[in-house]
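Reading the structure
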Amino acid sequence: MAKTAAALHILVKEEALAKELLAKLEKGENFQQLAKKHSTCPSGRNGGDLGEFRQGQMVPTFDKAVFTCPLLKPYGPVKTAFGYHIIKVIYRN
């Protein structure tokens, strides 16, 4: 059976901005507010919410990060063809 996960992410074009956002998150800033303000992904309007997805549905680098990074802790930046992602995994099963 395929593993599933639910995650939020913030997608930006520059690695420097991704690192800056990660630092803000580590200081306790709200993930969803930062996603709404900065994310270039359409999911940004929903606070970066990607909902639930199966392992293998996302691009490989993103997929690997989601299924290996710590839960509930902002992780990144993860580089894909789309840009730089900060990921927060809500759950995995």
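Summary of the structure given here.

Moving on, we get to the nonpolar core. Formed by L8, I10, V12, A18, L21, L22, L25, F31, L34, A35, Y84 and I86, the largest nonpolar core amounts to 12 residues. Elements that contribute at least two residues to this core include exactly β1 (4–12), α1 (15–26), α2 (31–38) and β4 (83–92). No other element matches the 4 residues that α1 contributes to this core. Sequence-distant contacts of L25, that is, excluding residues within four places in its chain, are made with I10, N30, F31, L34, P74 and I86. By size, the runner-up hydrophobic cluster in this structure holds 11 residues, among which are F53, F62, V66 and V89.

Attention now moves to the environment of T68. Mapped onto the elements, T68 comes out in the loop between α3 (60–66) and β3 (75–80). Along the backbone, T68 and Q32 are 36 residues apart, and their C-alpha atoms lie at a distance of 22 Å. One polar contact links the side chain of T68 to the main-chain carbonyl oxygen of K64, over a distance of 2.7 Å.

Turning to the side chain of H9, a few remarks are in order. Along the chain, H9 turns up in strand β1. Among the polar contacts made by the side chain of H9, one reaches the side chain of S43 at a distance of 3.3 Å. The contact partners of H9, leaving out residues within four places of it in the chain, are F31, A35, S39, C41, S43, G48, L50, F62, H85, I86 and I87.

What counts, and at which threshold
Residues numbered from 1 in each chain as written. Predicted model: local features only at pLDDT ≥ 70, side-chain atom pairs only at ≥ 80, totals over all residues. Heavy atoms only, no water. Core = buried A, V, L, I, M, F, W, Y, C linked by side-chain atoms within 4.5 Å. Buried < 20%, exposed > 50% of the residue type's maximum accessible area, 1.4 Å probe, protein only. Helix = DSSP H or I, 4+ residues; strand = E, 2+ residues; numbered from the N terminus. Contact = heavy atoms within 4.5 Å. Polar contact = N/O pair within 3.5 Å; in protein donor to acceptor, adjacent residues only side chain to side chain.

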